[in-house]
2 protein chains.
Amino acid sequence: MQTVRVELAHAPYDILIGADLLADVRPLLAVLPQKRAAIVTNATVAPLYLARLQAALEAAGVEVLPIVLADGEQYKTGETLNQILDALLTHRFERKSTLLALGGGVIGDMTGFAAAIYQRGVPFIQIPTTLLAQVDSSVGGKTAINHPLGKNMIGAFYQPKLVLADLGTLRSLPAREYSAGLAEVIKYGLIDDLPFFEWLEANMAALMQRDEAALGYAVRRSCENKARIVMADEKEEGVRAWLNLGHTFGHAIEAGLGYGVWLHGEAVAAGMLVAAKASQLLGDLSVQDVARIAALLQAAGLPTQAPTLSFERWLSLMAQDKKVEAGRIRFILLRRLGAAHIGHLDEAVLRQVLA
Amino acid sequence: MQTVRVELAHAPYDILIGADLLADVRPLLAVLPQKRAAIVTNATVAPLYLARLQAALEAAGVEVLPIVLADGEQYKTGETLNQILDALLTHRFERKSTLLALGGGVIGDMTGFAAAIYQRGVPFIQIPTTLLAQVDSSVGGKTAINHPLGKNMIGAFYQPKLVLADLGTLRSLPAREYSAGLAEVIKYGLIDDLPFFEWLEANMAALMQRDEAALGYAVRRSCENKARIVMADEKEEGVRAWLNLGHTFGHAIEAGLGYGVWLHGEAVAAGMLVAAKASQLLGDLSVQDVARIAALLQAAGLPTQAPTLSFERWLSLMAQDKKVEAGRIRFILLRRLGAAHIGHLDEAVLRQVLA
């Protein structure tokens with residue numbers, strides 16, 4: 001087991017990474033302030049891990065309320081959030097009761113947001129079961145639901161008490177979801193960690209085989225990258241925005257096609273390549289740099305071509321982005337491989353890269 | 001103008017108290033990070049102050065979006081919250097756009113909660129126009145909406161950038177609402193400030209006349225009390241719970257009769273007297289102490305008799321309280337006048353005081 005520490009002054013916590021961590025609930029028990037917990041999960045994950053986790057907790061004397069939601073980004077809504085809150089209220093959950101998010105990014109984001117606002121805040125624990133959630137969404141305290149007018153528009157910064165990333169849960173992950181997670185892994189290399197990008201180029205074949213040693217390294221290095229950036233800027237007032245490389249374009253793809261049609265990581269992959277091409281037009285990346293990014297995304301089984309949307313539709317979808325300031329969209333771009341920055345793009349560049 | 005400073009490490013802010021503060025928007029402008037703001041208010045307050053405030057802000061170059069909601073505790077719901085969020089999204093409000101809460105406690109609580117969760121948090125300013133909001137709900141960062149299963153069950157701790165308490169707005173306040181605000185003023189004397197309780201006994205007649213000097217003193221002293229307690233315990237892990245004197249019983253009254261039938265302050269007044277009687281049964285208050293509390297509440301035009309509910313109904317309503325821990329309700333009681341503490345009540349005592 002490896003541990004990555006997220007040192008936030010008001011709420012430090014550990015990310016535990018290892019194979020078959022779910023078999024041992026002692027780290028969970030250590031952070032429960034009360035022997036009462038809800039396991040929030042979805043209909044896909046529940047048959048795989050819920051009964052085992054619930055039984056282990058109950059054997060340790062914890063009263064467990066399972067809350068099983070429908071699976072998919074299209075359910076990351078206010079209605080589903082209310083299902084969680086209604087269940088907590090109906091079962092008289094208290095301020096020291098804990099929510100456990102057992103699932104992917106959607107489950108983690110919704111459970112974290114429910115924990116942030118139930119009785120003005122109760123403890124929660126992330127147990128990410130997808131690669132995307134393990135390397136990205138479960139770390140850093142961003143929680144949210146979608147709104148018809150924009151992705152992740154309603155939410156809170158709210159940190160978990162613990163993140164438990166069981167690599168064993170990735171064995172059952174469908175190939176498409178696994179690849180979607182690799183998009184965020186590649187992102188860390190691109191924005192701030194060229195050696196990791198190069199390691200990924202050398203080891204993508206092993207990662208695609210789900211080689212456990214390679215996977216353990218990739219998850220830990222991703223979490224270390226994320227933790228470092230979150231510690232520097234918890235509330236996204238500066239460098240944390242880098243983590244949104246590809247996301248302004250990606251969110252537009254997801255919203256434009258309808259949530260759930262493209263997976264988040266797929267949209268981010270295509271979005272990162274749009275950002276790379278824009279950076280090339282600005283003279284910061286070479287043709288070879290862009291080709292390396294495209295090759296690595298392709299090796300990870302990811303799309304590199306954004307879907308066709310009219311320019312006006314792109315603009316309208318992106319104008320809702322949370323990084324908009326004074327009406328201008330702030331894009332995350334690349335100064336070079338391994339060096340992100342925040343910039344603006346004029347219409348001519350945008351038209352060309354989105355054509 | 002008087003200033004009370006709330007010194008919270010991560011988010012210090014000022015409470016400005018004075019007559020006709022709304023005539024000068026410079027203090028507001030000083031804390032807007034962007035010349036863009038929504039004024040959230042209700043259909044009762046809007047005709048009184050909205051046009052003036054909006055015009056003054058617009059004259060200073062601020063783009064203003066007015067959001068006018070229905071008036072009443074019964075509208076402090078998820079649906080009304082969504083009205084605010086939808087308006088912000090439709091008008092493409094950004095992370096640095098500011099929400100102004102112009103109204104009483106319901107407007108302040110809902111606007112603050114909307115600010116806490118819109119794009120994971122945008123700035124907000126409290127402009128309380130009721131006595132209750134000026135002395136209590138606008139200070140300290142508690143924001144929330146009600147849920148059919150309990151009052152203020154969904155919310156966040158989220159601090160305003162500024163509180164602007166214009167005493168002039170209290171001139172137009174209906175007598176019943178004015179009295180409801182006095183309940184929270186009396187509360188500060190009871191829990192932690194015997195000299196203030198005695199000052200209130202001596203000056204209730206002047207306060208009922210809305211004498212501006214007396215009112216200015218009562219609002220400032222109340223805000224100082226609240227600020228001191230909030231600074232000691234922002235997230236209600238200890239002494240902040242004292243501020244809930246009368247509220248466990250009061251929330252049960254409000255929920256039991258239906259939100260809006262009794263005003264919050266009225267329910268708190270009756271609830272404080274139930275707590276006082278329980279403290280008397282425990283041997284902490286004398287008959288004379290309880291009589292003094294009842295007399296002061298009556299002088300403030302407040303009810304001292306809780307409505308009739310069955311004992312089972314009381315228990316069921318109170319069991320949903322946020323102060324419940326390990327299934328037991330924690331009550332705020334009085335050790336003596338001016339000294340609150342947290343305790344439990346056994347069934348015999350509860351039956352007697354609720355009969």
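Procedures and definitions
- Residues numbered from 1 in each chain as written.
- Chains lettered and ligands numbered in written order.
- Predicted model: local features only at pLDDT ≥ 70, side-chain atom pairs only at ≥ 80, totals over all residues.
- Heavy atoms only, no water.
- Contact = heavy atoms within 4.5 Å.
- Buried area = accessible area lost by both parts, 1.4 Å probe.
- Salt bridge = Lys/Arg side-chain N within 4 Å of Asp/Glu carboxyl O.
- Polar contact = N/O pair within 3.5 Å; in protein donor to acceptor, adjacent residues only side chain to side chain.
- Helix = DSSP H or I, 4+ residues; strand = E, 2+ residues; numbered from the N terminus.
- Expected span 1.5 Å × (residues − 1).
- Buried < 20%, exposed > 50% of the residue type's maximum accessible area, 1.4 Å probe, protein only.
- Pairing = 2+ DSSP bridges.
- Axes fitted to C-alpha atoms, helices over the stretch in contact; angles between N-to-C directions.
- Parallel < 35°, antiparallel > 145°, perpendicular 65-115°, else oblique.
- Nonpolar A, V, L, I, M, F, W, Y, C, P; charged D, E, K, R; others polar.
- Domains from an automatic or database assignment.
- Least-squares fit on C-alpha atoms with pLDDT ≥ 70 in both.
- Right-handed = clockwise from strand over helix to strand, strands pointing away.
- Phe/Tyr/Trp six-rings, centres within 6.5 Å; stacked < 30°, edge-to-face > 60°.

1. A short note on the interface of chain A and chain B
- Between chain A and chain B, the contact holds 35 residues from the first and 35 residues from the second.
- Both faces combined, the contact of chain A with chain B buries some 3200 Å², and carbon together with sulfur accounts for 49% of it.
- Summed over the shared surface of chain A and chain B, the result is four salt bridges.
- Put simply, Glu236 of chain B and Arg95 of chain A hold a salt bridge, and the shortest N to O gap is 3.3 Å.
- At the junction of chain A and chain B, the tally comes to 12 residue pairs in polar contact (both at pLDDT 80 or more).
- Of all the secondary structure elements, the ones that give two or more residues to the side of chain A that touches chain B are α3 (78-90), α4 (105-117), β7 (142-147) and β8 (150-157) of chain A.
- The greatest single-element share of the side of chain A that touches chain B, amounting to six residues, is contributed by β8 of chain A.

2. A word on helix α4 (residues 105-117) of chain B
- Taking 1.5 Å of rise per residue, 13 residues should cover 18 Å, and α4 of chain B covers 18 Å from first to last C-alpha, within 8% of that figure.
- Counting buried positions along α4 of chain B yields 13 of 13 residues, so the element is predominantly enclosed.

3. Concerning the sheet that holds strand β2 (residues 13-18) of chain A
Residues and elements named next belong to chain A.
- Read from one edge of the open sheet, seven strands run β1-β2-β9-β6-β5-β3-β4, paired in mixed fashion. If you trace the sheet from one side to the other, it starts and ends with β1 (2-6) and β4 (63-69), each paired once. Strand after strand, the sheet turns through a mean of 15° between neighbouring axes, direction not considered.
- Pairing geometry for strand β3 (residues 36-42) and strand β5 (residues 98-103), over four bridges, is parallel. Paired with Ala37 across the two strands is Thr98, which belongs to β5.
- Sitting on the sheet, α3 is in contact with β3, β4 and β5, with an inclination near 160° to β4.

4. Points about helix α9 (residues 247-257) of chain B
- The element α9 of chain B is largely enclosed, with a buried count of eight among its 11 residues.
- A positive backbone phi angle near 100° is found at Gly258 of chain B, which sits one or two residues after α9 of chain B.

5. Some details on the sheet that holds strand β9 (residues 162-166) of chain B
Residues and elements named next belong to chain B.
- Read from one edge of the open sheet, seven strands run β1-β2-β9-β6-β5-β3-β4, paired in mixed fashion. Among the strands making up the open sheet, the edge pair consists of β1 (2-6) and β4 (63-69). The average angle at which neighbouring strand axes cross in this sheet is 15°, direction not considered.
- Alignment of strand β2 (residues 13-18) against β9, held across five bridges, turns out to be parallel. By the bridge assignment for β9, Asp14 is matched with Leu162.
- Packing of helix α8 (residues 212-232) onto the sheet brings it into contact with β1 and β2, and relative to β1 it is tilted by some 10°.

6. Comments concerning the pattern of salt bridges
Residues and elements named next belong to chain A.
- With the rule as written, the count across this model stands at 50 salt bridges over all chains.
- Between Lys76 and Asp109 there is a salt bridge; the shortest N-O distance is 2.7 Å. Taken together, the residues Lys76 in the loop between β4 and α3 and Asp109 in helix α4 connect sequence positions 33 residues apart. For the residue pair Lys76 and Asp109, the accessibility class agrees, reading buried in each case.

7. So, the packing of α9 of chain B against helix α12 (residues 311-318) of chain B
Residue and element names in this part refer to chain B.
- Packing of α9 against α12 leaves a shortest axis separation of 9 Å and a crossing angle of 110°. Judged on the interaxial angle alone, α12 and α9 are roughly perpendicular. Judged by residue contacts, Thr248, Phe249, Ala252, Ile253, Ala255 and Gly256 of α9 engage Arg313, Trp314, Leu317 and Met318 from α12.
- Among the residues making up the contact of α9 with α12, the classes are represented as seven nonpolar, two polar and one charged.

8. What to know about the domain arrangement of chain A
Residues and elements named next belong to chain A.
- The assigned domain composition of chain A is domain 1 (2-172) and domain 2 (188-354).
- For domain 1 and domain 2, the distance between their C-alpha centres works out to 26 Å.
- The interface is formed by 35 residues belonging to domain 1 together with 28 residues belonging to domain 2.
- The largest share of the area that domain 1 buries against domain 2 comes from Val135, Lys151 and Phe157, three residues that together contribute 20% of it.
- For the pair domain 1 and domain 2, the number of links is four salt bridges.
- Here Lys142 makes a salt bridge to Glu236, at a shortest N to O gap of 2.4 Å.
- At the boundary of domain 1 with domain 2, the tally comes to 12 residue pairs in polar contact (both at pLDDT 80 or more).
- Going through the elements one at a time, β1, β2, α5 (131-137), β7 and β8 are the ones with two or more residues in the side of domain 1 that touches domain 2.
- It is α5 that contributes the most residues to the side of domain 1 that touches domain 2, six residues altogether.

9. Here's the deal with the relation of the copies chain A and chain B
- When chain A is fitted to chain B, the best match, at an RMSD of 0.0 Å, comes from turning it 180° and sliding it 0.0 Å along the axis. Expressed as a symmetry operation, the mapping of one chain copy onto the other fits a two-fold axis.
- Here 100% of the contact residues of chain A are again contact residues in chain B; the copies associate through an equivalent surface.

10. Section: the pairing of β2 of chain B
All names here are of chain B.
- A large share of β2 lies buried, amounting to five of its six residues.
- By the bridge criterion, five bridges tie β1 to β2 in an arrangement that is antiparallel. By the bridge assignment for β2, Arg5 is matched with Asp14.
- Linking β1 to β2, which pair antiparallel, is a turn of six residues.

11. Focus: the pairing of strand β5 (residues 98-103) of chain B
- For β5 of chain B, the buried fraction is high: six of the six residues fall into the buried class.
- Remark: the β5 of chain B/α4 of chain B/strand β6 (residues 124-128) of chain B crossover connection has right-handed handedness.

12. Regarding the side chain of Gln126 of chain A
Residue and element names in this part refer to chain A.
- The topology assignment puts Gln126 in strand β6 (residues 124-128).
- Overall, the relative accessible area of 4% leaves Gln126 in the buried class.
- Setting aside chain neighbours within four positions, we find Gln126 in contact with Ala101, Gly108, Ser137, Ser138, Pro160, Leu162, Val163 and Leu164.

13. Some details on the packing of aromatic side chains
- Tallied over the full model, the rule gives 12 aromatic pairs over all chains.
- Summarising the aromatic geometry, the rings of Phe249 of chain A and Phe331 of chain A are spaced 5.2 Å apart at their centres and angled 20° between planes, so their arrangement reads as stacked. Of the two residues, Phe249 of chain A sits in helix α9 (residues 247-257) while Phe331 of chain A sits in strand β10 (residues 331-336), which places them 82 residues apart along the sequence. By the burial criterion, Phe249 of chain A is buried, and Phe331 of chain A matches it.
- An angle of 75° between the planes, with centres 6.4 Å apart, marks the rings of Phe249 of chain B and Trp314 of chain B as edge-to-face. Of this pair, Phe249 of chain B sits in helix α9 while Trp314 of chain B sits in helix α12, and the two are 65 residues apart along the sequence.
- You can call Phe249 of chain B buried: its relative accessible area is 2%.
- A relative accessible area of 1% places Trp314 of chain B in the buried class.

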